[in-house]
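One letter stands for each residue in the lines below.
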Amino acid sequence: MHYEKIFEEIFRDLQKKEDKGEVATYIPELASVDPNQFGVYLKTVEGNGYSFGDAEKRFSIQSIAKVLSFVLAYGRLKSDVWKRTNLEPAGTPFNSLLQLEVDRGIPRNPFINAGAILICDILVSELENPKDEILAFVRALSGNDSIDYNPRVAQSEKEMGNRNYAMIYLMKSFGNIENKIDTVMDLYFHLCSLEMNCKELGSTFLFLANNGVVPWSGERILSPSRTKRTNALMQTCGFYDEAGEFTFKVGLPGKSGVGGGIVAVHPGRYTIAVWSPKLNSKGNSYRGMLFLEQFTTVTNLSIF
Ligand code: GLU
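Our subject in this report is the structure included herewith. (Residues numbered from 1 in each chain as written. Predicted model: local features only at pLDDT ≥ 70, side-chain atom pairs only at ≥ 80, totals over all residues. Heavy atoms only, no water.)

Take the site of the ligand next. Around the ligand, the structure places Tyr 26, Gln 62, Ser 63, Phe 94, Asn 113, Glu 157, Asn 164, Tyr 188, Cys 192, Tyr 240, Gly 257 and Val 258. Here an oxygen atom of the ligand and a side-chain polar atom of Tyr 188 are 2.6 Å apart. When the ligand is considered free in solution it has 300 Å² of accessible area, and contact with the protein chains removes 95% of it. Taken together, the residues of the shell around the ligand sort by class into 6 nonpolar, 5 polar and 1 charged. (Near = heavy atom within 4 Å. Polar contact = N/O pair within 3.5 Å; in protein donor to acceptor, adjacent residues only side chain to side chain. Areas by Shrake-Rupley, 256 points an atom, 1.4 Å probe, with all protein chains shown as cover. Nonpolar A, V, L, I, M, F, W, Y, C, P; charged D, E, K, R; others polar.)

Another aspect to go through is the pairing of strand β1 (residues 39-44). Buried residues dominate β1, accounting for 6 of its 6 residues. Side chains of β1 alternate between two faces, with Gly 39, Tyr 41 and Lys 43 and Val 40, Leu 42 and Thr 44 buried alike. Where β1 lies against strand β2 (residues 49-53), 5 bridges are found, and the strand directions are antiparallel. Counterpart to Lys 43 in the pairing with β2 is Gly 49. In terms of strand pairing, β1 meets strand β8 (residues 270-275) through 6 bridges, oriented antiparallel. If you follow Leu 42 over to β8, its bridge partner there is Ile 272. (Buried < 20%, exposed > 50% of the residue type's maximum accessible area, 1.4 Å probe, protein only. Helix = DSSP H or I, 4+ residues; strand = E, 2+ residues; numbered from the N terminus. Pairing = 2+ DSSP bridges.)

Quick look at the pattern of salt bridges now. The final tally for this structure, using the stated rule, is 15 salt bridges. Measuring nitrogen to oxygen at the nearest pair gives 3.5 Å for the salt bridge that ties Asp 13 to Lys 17. Overall, the relative accessible area of 43% leaves Lys 17 in the partly exposed class. Of the charged contacts in the structure, one is a salt bridge between Glu 200 and Arg 58, with a shortest N-O distance of 2.7 Å. (Salt bridge = Lys/Arg side-chain N within 4 Å of Asp/Glu carboxyl O.)

Shown next as structure tokens:
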């Protein structure tokens, strides 16, 4: 298939329509991003890569990193992870406190903020040096040693983190947080600040398209069963309270972030990473979603 040509055609089509989204503005580092950038990268499990536009420009992957921290915790705790977090779609915004109170401090799933903070608590307990070890894990998955946190973004996240602090205090009050609040939150804010480009993102997630094994190194990251379950979680919980819409329109498991990135996985075939900074009202990349919808429609490459 001529992926690059398809990318170009879909992009040209999208350019004819207004980009109705808005960039995230809650921290200056996201508010100042050039909203017109657009990148795509598709990588097959056989190792072929196809890119378009700003595929090599790094951006803040934000909540996409929640999948990576979850995978690290899941690989260690196995099914015990489900004693600390549920696995149901939230149906409420990613930073909602309502459900957390009703569910007595057990997050709805590991991909909403409360769930990702809980996973950070697990990693603080499990790892000697969690910040360095997460970074080493992500670098090994991507095959790229220059991937890093952005300390300015981490600091801004902390300054704007009142709601996230409210969540961890609420979970702690129910006995579901083991470690010091500041240590866990420092890890969470750094996780949000990871930066990658579409090429790196597509490569990093390729093990989820390949039964849990990094295709180019042969390293097993998750068992086939846990890989299947992680993809299922992305399908049901990967897009804030718009996972149903993404499933309906795109038909791939994936995860988005408020930096405007989306990564999606076709098990057994490929990953695709898209970046377009303007977000729709649910916090997902406006053009990114439209692009992927057209891509899976034109190529017939959705899982449904
Ligand atoms: N950094 C954001 C927060 O913790 C989450 C960003 C996202 O959902 O991508 O509030």
